[in-house]
Amino acid sequence: MPHSSGSTPRSGTGTPAGTRSTPGRYPRTSAGSSSTDAARAEGADFSFLTPTHLETVLELIRDAEGYNRGDPAREAEQHHWTRDTKAEAPVDGVPDYAFGPCDASGRATTRDFAGIAVLVGRARVPFENRPQLALLSTAGDRPVDWLRAGQALERVLLTATLHDVSTSFATRPLEWPDLRWILRDPVFGTGHTQMIIRMGYGPAGPRTPRRPWKQVLTIEP
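Quick summary incoming for the structure in this document.

Cut-offs and rules
- Residues numbered from 1 in each chain as written.
- Predicted model: local features only at pLDDT ≥ 70, side-chain atom pairs only at ≥ 80, totals over all residues.
- Heavy atoms only, no water.
- Phe/Tyr/Trp six-rings, centres within 6.5 Å; stacked < 30°, edge-to-face > 60°.
- Buried < 20%, exposed > 50% of the residue type's maximum accessible area, 1.4 Å probe, protein only.
- Helix = DSSP H or I, 4+ residues; strand = E, 2+ residues; numbered from the N terminus.
- Expected span 1.5 Å × (residues − 1).
- Contact = heavy atoms within 4.5 Å.

Attention now moves to the packing of aromatic side chains. Overall, the coordinates contain 2 aromatic pairs when judged by the stated rule. Pairing Phe46 with Phe48 gives two aromatic rings, centres 5.4 Å apart and planes at 85°, and the pair type is edge-to-face. Owing to a relative accessible area of 26%, Phe48 belongs among the partly exposed residues under this scheme. Note on Tyr67 and Trp176: the rings are 5.0 Å apart at their centroids and 80° apart in plane angle, and the pair reads as edge-to-face. Separated by 109 residues along the polypeptide, Tyr67 in helix α2 (residues 51–69) and Trp176 in the loop between β7 (166–169) and α5 (177–180) bring together distant segments of the chain. Relative accessible area serves as the criterion here: at 35%, Tyr67 is assigned to the partly exposed category. Residue class for Trp176 comes out buried when judged on its relative accessible area of 17%.

Next comes the structure, spelled out in structure tokens:
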């Protein structure tokens, strides 16, 4: 599902298991089946990863993070959307207070918005070793499929909220075509992966800024 460079990324960044908005403990079976039904209502597929497939996807996430850090243009774009709260009062983007700590094991699925920068005093804490990840996919990969994936994702996120399940995204492998196609389950996978979703339970995290609605919404009579 393409990412529009004009949109403001949301923060779903590095947070340790059991704290902040982290999906820590695995969702209950009812929450998982409800999420699957929610995606299918929009013509998309939603499935949790098997243990073997999970290890493959975690490796792809780490590979994509390495790709991004080696690409000056991508690093610059990410920096463009981050905000130093000591220098400005953010109205959009991802403020530094939402970066969260670093994963001491280097296996975090969430994007590190600090990039290659080193933040003095930033904590390093252990994250969960086996995060609960799910793939949202569609049969095709045309604009209509991207729209269908977006509608399905909305349903999945609202369903997760109803079950008190926290969610975050791991999008980096989706940004590299040579990694994206490997995301599918090698045995049962079909279609095209549109989103990697991390799910679990945890308390609310810090709020990040949003632009005023009049700047992002046009209402026509």
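That covers the picture; the talk isn't over yet.
Another point: helix α4 (residues 143–162). It helps to recall that an α-helix has 3.6 residues per turn; residues three or four apart then point in one direction. Its 20 residues give α4 an end-to-end C-alpha distance of 29 Å, which sits within 8% of 28 Å, the value for a rise of 1.5 Å per residue. Once α4 finishes, Asp164 follows within two positions and takes phi at roughly 60°, a positive value.

This brings us to the environment of Ala38. By secondary structure assignment, the location of Ala38 is in helix α1 (residues 29–40). Overall, the relative accessible area of 8% leaves Ala38 in the buried class. The spatial distance from the C-alpha of Ala38 to the C-alpha of Thr159 is 7.1 Å, given a sequence separation of 121 residues. Setting aside chain neighbours within four positions, we find Ala38 in contact with Arg155, Val156 and Thr159.

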